[in-house]
Amino acid sequence: WALMLVVSVAIYGSHAPLLTLCKVDQRIPFSSASVVVLVELTKLRVTVSWHHVVPFALSALLYAANNNLVVHMQLFMDPSTYQVLSNLKIVSTALLYRLFPTQRLGRRRWLALLLLVAAGVSYSCGGLQDPGSPSQMKLHITLVGLVLISVYCLISGLSAVYTEAILKTQALPLSLQNLFLYFFGVLLNLIGYFWSSTEGSFLEGFSSWVLVIVVSQALNGLIMSVVMKHSSNITRLFVISCSILVNALLSVTLFNLQLTLLFFVAASCIGLAVHLYYGV
């Protein structure tokens, strides 16, 4: 467990810096849909059993809808606003988690989750700073953007809770459940790729850094399925929050960014949240 969670934290934290390393002339030269397809195929390749079929289409559809929302939301808000408000998916996941009759969260654990939200907001508001850029961050969002971010947080929580419910209630091996989920993931993203693709091959613009992203995201998806099968989405939320620390370390090392006071506020909130929720 410790090894898997540490690897997952490292993968979450390194994702954004790896994407930055893939840029050519300050732009992403490859199709995001093709990366997602290869991630799903890599996970599918690891899943070895092919004998049963169960409906995971809704789960894959929810994930696909959220992935597309992330792109379209950028038209109605700036990236900083998205980074700040997307932390509300922690609250939406916890609220929907109450649908499990046996999974009630006490006040102590609710406080821990609110601390995770505070950590995410603090980090997004200026945990890292470019020495050559102004320190003041301005947020901008339209009414449409506010609606979209609300839908995004709702779908994010719903997809996580729904997928966990399927994984735990079905008497099937996790490898089979992964197979069905990734099959629909590949299918939906292939449809999205051919629907929106322009001229160029499927692997156009790929580099070694893109392949690192594909393999790492595939590994992380497999780890998260184990977490949701045998632990809970709350553990997943803590993994995502802890990845802030890895993201900051890589950003300082690779891109010469500086840590600010808000980073240490975020790190303190995460540490206190872990103590309150898990008692360690």
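Details of the structure are given in the entry above.
Being a predicted model, the structure only gives us computed values, none of them experimental.

### Let's talk about the overall build of the chain
Then, in step 1: Check the secondary structure of the chain and you find 11 helices and two strands.
Then, in step 2: Along its sequence from the N terminus, the chain presents helices and strands in the succession α-α-α-α-α-α-β-α-α-α-α-β-α.
Then, in step 3: Over its C-alpha trace the chain gives a radius of gyration of 19 Å, about what one expects of a compact globule, namely 19 Å for 280 residues.
Then, in step 4: With the principal axes as the frame, the chain shows a C-alpha extent of 55 × 50 × 40 Å.
Then, in step 5: Counting the 280 residues in the chain, one finds 44% classified as buried.
Then, in step 6: Intrachain contacts of the chain at a sequence separation of at least 6 include 88% that bridge at least 24 residues.
Then, in step 7: On the chain, roughly 14600 Å² of surface is accessible, and the fraction owed to carbon and sulfur atoms is 68%.

### Thoughts on the nonpolar core
Then, in step 1: In terms of nonpolar packing, the biggest core is built from 32 residues, with Leu113, Leu116, Ile234 and Phe238 touching the most fellow members.
Then, in step 2: Elements with a contribution of two residues or more to this core: helix H5 (89-97), helix H6 (107-124), helix H9 (208-230), helix H10 (233-255) and helix H11 (261-278).
Then, in step 3: In terms of residue count, H6 provides more of this core than any other element does, eight residues in total.
Then, in step 4: Setting aside residues no more than four positions away along its own chain, Ile234 makes contact with Tyr97, Leu113, Tyr277 and Tyr278.

### Remarks on the layout of surface pockets
Then, in step 1: As a volume, the second largest pocket reaches approximately 190 Å³.
Then, in step 2: If you trace the second largest pocket, you find it lined by Leu5, Val6, Val9, Thr235, Phe238, Val239, Cys242, Val274 and Tyr278.
Then, in step 3: Contributions of two or more residues to the lining of the second largest pocket are made by helix H1 (2-21), H10 and H11.
Then, in step 4: Examining the composition of the lining of the second largest pocket, we find that four residues originate from one element, H10, more than from any other.
Then, in step 5: Residues that form the lining of the second largest pocket fall into these classes: eight nonpolar, one polar and no charged.

### Quick word on the packing of helix H8 (residues 174-196) against H9
Then, in step 1: Two numbers describe how H8 lies on H9: the axes approach to 11 Å, and their chain directions differ by 125°. The orientation of H8 with respect to H9, classified from their angle, is oblique. For the pair H8 and H9, the sense of crossing is right-handed. Residues Leu174, Gln177, Asn178 and Tyr182 of H8 form the contact with H9, whose participating residues are Gly221, Leu222, Ser225, Val226 and Lys229.

### Some thoughts on the packing of aromatic side chains
Then, in step 1: Under the criterion given, the structure shown has nine aromatic pairs.
Then, in step 2: Note on Phe30 and Phe206: the rings are 5.7 Å apart at their centroids and 65° apart in plane angle, and the pair reads as edge-to-face. Taken together, the residues span a long stretch of sequence, with Phe30 in the loop between H1 and helix H2 (32-46) and Phe206 in the loop between H8 and H9 at a distance of 176 residues.
Then, in step 3: Its guanidinium or amino end placed over the ring of Tyr277, Arg109 lies 4.3 Å from that ring's centre, counting from NZ or CZ.

### Some words on the packing of helix H7 (residues 143-169) against H9
Then, in step 1: Between H7 and H9, the least distance of the axes is 8 Å, while the angle of their chain directions is 70°. Comparing their axes, H9 and H7 come out roughly perpendicular. Taking contact as the criterion, the partners of Ala160, Thr163, Glu164, Leu167 and Lys168 in H7 are, on H9, Ser225, Met228 and Lys229.
Then, in step 2: By residue class, the composition of the contact of H7 with H9 is three nonpolar, two polar and three charged.

The rules we used
- Every residue gets a number counted from 1 within its own chain, in the order that chain's sequence is written.
- Per-residue local features of the predicted model are confined to residues with pLDDT of at least 70, and side-chain atom pairs are confined, for both listing and counting, to 80 or more; whole-chain, interface and lining totals are unaffected and use all residues.
- The side-chain values count all of the structure's non-hydrogen atoms but skip hydrogen atoms and water molecules.
- The numbering of helices and of strands both runs from the N terminus, where a helix is a DSSP run of H or I of at least 4 residues and a strand a run of E of at least 2.
- Within these notes, the globule rule equals 2.2 Å times the number of residues to the 0.38 power, and the radius of gyration is based on C-alpha atoms.
- Note on exposure labels: buried denotes an accessible area under 20% of the residue type's maximum, exposed denotes more than 50%, and partly exposed covers the range between, all computed with a 1.4 Å probe on protein chains only.
- Any two residues whose heavy atoms approach within 4.5 Å at even a single point are treated as in contact.
- For accessible areas, the Shrake-Rupley method is used with a probe of radius 1.4 Å. Any residue's cover is judged against the shown protein chains and nothing else.
- In this text, buried Ala, Val, Leu, Ile, Met, Phe, Trp, Tyr and Cys residues form a nonpolar core when linked through side-chain atoms within 4.5 Å.
- Whether a set of points on the 1 Å grid over the protein atoms alone is a cavity depends on a 1.4 Å probe fitting there but being unable to get out, while an open set qualifies as a pocket with protein on both sides within 12 Å along at least five of seven lines; lining residues are those with an atom within 4 Å of a point.
- Grid points are joined across faces, edges and corners, and a volume is the space filled by probe spheres set on the points.
- Here the term charged refers only to Asp, Glu, Lys and Arg, the term nonpolar to Ala, Val, Leu, Ile, Met, Phe, Trp, Tyr, Cys and Pro, and the term polar to all other amino acids, Gly among them.
- Between N-to-C directions, angles span 0 to 180 degrees; the directions come from axes that are lines fitted to C-alpha atoms, helices contributing only their stretch in contact.
- Oblique is the label for any angle not covered by the other classes, which are roughly parallel (under 35 degrees), roughly antiparallel (over 145) and roughly perpendicular (65 to 115).
- Crossings are sorted by hand: turned counterclockwise from the far helix by less than a right angle, the near helix makes the crossing left-handed, and turned clockwise it makes it right-handed.
- Paired rings are identified among Phe, Tyr and Trp, the last through its six-membered ring, by centres lying within 6.5 Å, and are further divided according to the angle between planes into stacked (under 30 degrees), edge-to-face (over 60) and tilted (the rest).
- Only when the NZ atom of a Lys or the CZ atom of an Arg is both within 6 Å of the ring centre and within 35 degrees of the ring normal do we say a charge sits over the ring.

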